[in-house]
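Coordinates in review
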Amino acid sequence: MSNYHIKHLEEYYQVYRKSVRNPEVFWEEIAEEHFMWRKKWDNVLSWDFTKPEVKWFEGAQLNITENCIDRHLHIRGDKTAIIFEPNNPEEEAQHISYRDLHDKVCRFANVLKEQGIQKGDRVCIYLPMIPELAISVLACARIGAIHSVVFAGFSSSALATRINDATCKMVITSDGSYRGAKTIDLKGIVDEALKECACVETVLVAKRINTEIHMEAGRDHWLQPLLDEAYHDCVPEVMEAEDPLFILYTSGSTGKPKGMVHSTAGYMVYSAYTFKNVFQYREEDVYWCTADIGWITGHSYIVYGPLCNGATTVMFEGVPSYPDFGRFWEIVEKHKVNQFYTAPTAIRALAKEGVEHLEKHDLSSLKVLGTVGEPINEEAWHWYDDNVGKRKAPIVDTWWQTETGGIMITPIPFATPTKPTYATLPFIGIQPALMDENGNEIKGNQVDGRLCIKFPWPSMARTIWGNHQRYKDTYFSAYENKYFTGDGALRDEVGYYRITGRVDDVIIVSGHNLGTAPIEDAINEHPAVAESAIVGFPHDIKGNALYGYVTLKETGESRNQNNLRKEINQIITEQIGPIAKLDKIQFTNGLPKTRSGKIMRRILRKIAGKDTSNLGDTSTLLNPEVVQDIMDNAL
Ligand code: 7RM
């Protein structure tokens, strides 16, 4: 039996029990046998959820890029590490071997150093899904700089907020990006953002779309000439186990985005170990995760997890619909993809197009199918199983979060029997708990509650950048001595978990986590708007779409409502990005509020979802009269 590679359900239970009974012995063995350390740890784990403080492998020294690259050079130097599949299928794919990757990451790392970046400095990466994105992430890790990747679909003001929060010294971007038939002026967005960012000294610009762009003298540099001149080897910086590896922002239900800080050693061990087991990756396999590296899924399961295992990982620049809806399947056939990992929103969009596209391609290479990002509905699950996996490739419905760093609840393919809409069992070492409203743990099966985790795991985020108090308040204060996920879940008769969605005000649209507060803040900036509330409502493709309730100021009443709707969505696009645009906007005379002044989104959610038979407890409402009015005018 190997603890590192689980192949049967019995093995899962055995290893799981071991990991829970004696976590330190268990994780020590995994860390010892499967990774490269400059120095071993003095202590496997110390933790205190009341502070909260968690340390894994304290005293150990390492560099994650030695684990992702250098240690593979002797045994698989010529093996492809990254397959880059461009937006345009006419453009040739690139195969970057582990040896090439070493060269490219080292050169990039040397460029960073020449430009004054040192260990501990923050570097913002705002790039499309081109090889430079993965390479720059690894280059930062090589020299101990903390990367903060910002998804290149975010607007300039969202970018500026993130750059300033982490006081990044450098931004790495490109002239522009391709997205299906469109091009996007990324550098223009960066220029706009940097008007508000005094901390940025240098901008490195990769050439992708060859457009004329503004280059600010003294600040902006084209990347390629610097890489060409840089030395091809770079001694890795020796990092402490708990040194921050990266910051990644996630929206909260209130306030500005939270910069989740991930550690070096624990994150490495857990992302690599989960990758190996959840996808049952074997040496010759080709693995493809369709996420963007701008999200945690891309960090852990395009870059770090796969590369730590010496895998071949596909990076796709484009979208599922370009040049047509057969693109994903064309790529699966072309690169003989064995493991395919995507989001329910993509599955639903593809299912809507029928099966003709699938039938044109040979998908027989597929062994494991993954899903992540939101609850997958039963219909989509079956469509995926029947048409993509032909009922032969198990579906791993993987539940996890930016904050957890790695997959937490998931089947292990070929070991765990799957069940549609269920993420099934906790991964090795993960101890979930369901809690009731009174803060008590609900034991037994066939129950539902709020999902918490009661014991630390190696890849948990260690803090929120610059705001440890907020970290404590958000995750460790709702329930004593437990990490609160913000999700609701139920546990069935055999102990399988089904995630039912967020219990706070985060809405997941097309797999993107959107906090209500920043969107409401944007809307409220419109001069005619008095107040607004955003809720999600079910949407066939996006999973959830946004419904906005907007109360106008007196002066706004005479305005054309459709123009107002356009203007509101325009502000949202500018401040957050097009992903946060509202599908429906209802103008209301007021919003239902509790006595303490909180908007009761629960009621608004029901109205938006056309489910008003039982509005639940409305006794704490200050202004019940507005509810009927809103219902009468619902869209
Ligand atoms: C990896 C990621 C986290 C939130 C999480 C859930 C939801 C993610 C699933 C899921 C049901 C799943 N990170 N979520 N995976 N819900 N089933 N398999 O998505 O930070 O962006 O989002 O996403 O609500 O709390 S994230």
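**A look at the site of the ligand**
Around the ligand sit 17 residues in total, of which Asp397, Thr398, Thr402, Asp487 and Arg502 are the nearest. Within the backbone of Glu374, one N or O atom sits 3.4 Å away from a nitrogen atom of the ligand. Side-chain polar atom of Asp487 to an oxygen atom of the ligand: 2.5 Å apart, as the coordinates give it. Alone, the ligand offers 520 Å² of accessible surface; in the complex the protein occludes 95% of this. A class-by-class count of the residues in the shell around the ligand yields 7 nonpolar, 6 polar and 4 charged.

**What about the sheet that holds strand S21 (residues 432-435)?**
One open sheet accounts for 5 strands, arranged S22-S21-S23-S25-S26; its pairing is antiparallel. With partners counted over all chains shown, the strands left at the sheet margins are strand S22 (441-442) and strand S26 (497-502), one partner each. In terms of strand pairing, strand S23 (residues 447-453) meets strand S25 (residues 483-491) through 6 bridges, oriented antiparallel. Bridge pairing links Gly449 to Ala489 in S25.

**A look at the pairing of S21**
Side chains Pro432 and Leu434 of S21 all project onto a buried face; the interleaved residues Ala433 and Met435 project onto the opposite face, where all are buried too. As paired elements, S21 and S23 share 4 bridges and run antiparallel to each other. When the sheet's bridge partners are listed, Pro432 is paired in S23 with Ile453. Bridge count for S21 against S22 is 2 bridges, and the pairing is antiparallel. Bridge pairing links Leu434 to Ile442 in S22. Once S21 ends, the chain turns through 5 residues before running back antiparallel as S22, passing Gly439 with a positive phi of about 85°.

**Considerations on the layout of surface pockets**
By volume, the second largest pocket amounts to about 330 Å³. Along its surface, the second largest pocket is lined by 19 residues, and Tyr16, Pro426, Pro432, Gly495 and Tyr497 are the ones closest to its centre. Those elements giving two or more residues to the lining of the second largest pocket turn out to be helix H1 (9-21) and S22. Broken down by class, the residue content of the lining of the second largest pocket amounts to 10 nonpolar, 4 polar and 5 charged.

**Quick word on helix H13 (residues 344-352)**
With 7 of its 9 residues buried, H13 lies for the most part within the structure. Every buried residue of H13 is listed here: Pro344, Thr345, Ala346, Ile347, Arg348, Ala349 and Leu350. Turning to H13, the residues buried within the fold contact helix H12 (327-335), strand S18 (339-342), strand S19 (368-371), helix H15 (378-388), strand S29 (529-539) and strand S30 (543-552). Positive phi appears at Gly354, one or two residues downstream of H13, with a value of about 80°.

**A look at the packing of helix H19 (residues 601-608) against helix H20 (residues 625-632)**
For the pair H19 and H20, interaxial distance at closest approach is 10 Å and the crossing angle is 20°. Here H19 is positioned roughly parallel relative to H20, judged by the angle of their axes. Crossing handedness for the pair H19 and H20: right-handed. Where H19 abuts H20, its residues Ile603, Leu604 and Ile607 lie against Val627, Ile630 and Met631. A class-by-class count of the residues in the contact of H19 with H20 yields 6 nonpolar, no polar and no charged.

**Concerning the side chain of Glu403**
Following the sequence through the fold, Glu403 ends up in the loop between strand S20 (395-397) and S21. Here Glu403 occupies a buried position and makes no salt bridge, while the nearest side chain of opposite charge, Lys258, is found at 4.3 Å.

**With respect to the sheet that holds strand S31 (residues 584-588)**
In space, the 3 strands of this open sheet follow the order S29-S30-S31, with mixed pairing throughout. Every interior strand has two partners, whereas the edge strands, S29 and S31, have only one. Ignoring which end each strand starts from, the neighbouring axes of this sheet average 25° apart. When S29 meets S30, the two strands line up antiparallel, connected through 10 bridges. From the neighbouring strand, Val529 faces S30, where its bridge partner is Leu552. Across the sheet, helix H18 (residues 561-575) is in contact with S29, S30 and S31; its angle to S31 comes to roughly 120°.

**Re the packing of aromatic side chains**
With the rule as written, the count across this model stands at 46 aromatic pairs. For the pair Phe275 and Phe279, a centre-to-centre distance of 5.7 Å together with 40° between the ring planes defines the contact as tilted. In terms of burial, Phe275 and Phe279 fall into one category: buried. Taken together, the ring pairs in this structure connect Phe26, Trp27, Trp37, Trp41, Trp56, Phe57, Tyr270, Tyr273 and Phe427 into an aromatic cluster. Here the basic side chain of Arg162 rests over the ring of Phe154, its NZ or CZ set 4.3 Å away from the ring centre. Its end group placed over the ring of Tyr422, Lys419 keeps NZ or CZ at 4.1 Å from the ring centre.

How each quantity is defined
- Residues numbered from 1 in each chain as written.
- Predicted model: local features only at pLDDT ≥ 70, side-chain atom pairs only at ≥ 80, totals over all residues.
- Heavy atoms only, no water.
- Near = heavy atom within 4 Å.
- Polar contact = N/O pair within 3.5 Å; in protein donor to acceptor, adjacent residues only side chain to side chain.
- Areas by Shrake-Rupley, 256 points an atom, 1.4 Å probe, with all protein chains shown as cover.
- Nonpolar A, V, L, I, M, F, W, Y, C, P; charged D, E, K, R; others polar.
- Pairing = 2+ DSSP bridges.
- Helix = DSSP H or I, 4+ residues; strand = E, 2+ residues; numbered from the N terminus.
- Buried < 20%, exposed > 50% of the residue type's maximum accessible area, 1.4 Å probe, protein only.
- 1 Å grid on protein atoms, 1.4 Å probe; cavity = no way out; pocket = protein on both sides within 12 Å on 5 of 7 lines; lining within 4 Å.
- Points joined across faces, edges and corners; volume = space filled by probe spheres on them.
- Contact = heavy atoms within 4.5 Å.
- Axes fitted to C-alpha atoms, helices over the stretch in contact; angles between N-to-C directions.
- Parallel < 35°, antiparallel > 145°, perpendicular 65-115°, else oblique.
- Left-handed = near helix turned anticlockwise from the far one by under 90°.
- Lys, Arg positive; Asp, Glu negative; His and termini not counted.
- Salt bridge = Lys/Arg side-chain N within 4 Å of Asp/Glu carboxyl O.
- Phe/Tyr/Trp six-rings, centres within 6.5 Å; stacked < 30°, edge-to-face > 60°.
- Lys NZ or Arg CZ within 6 Å of the ring centre and 35° of its normal.

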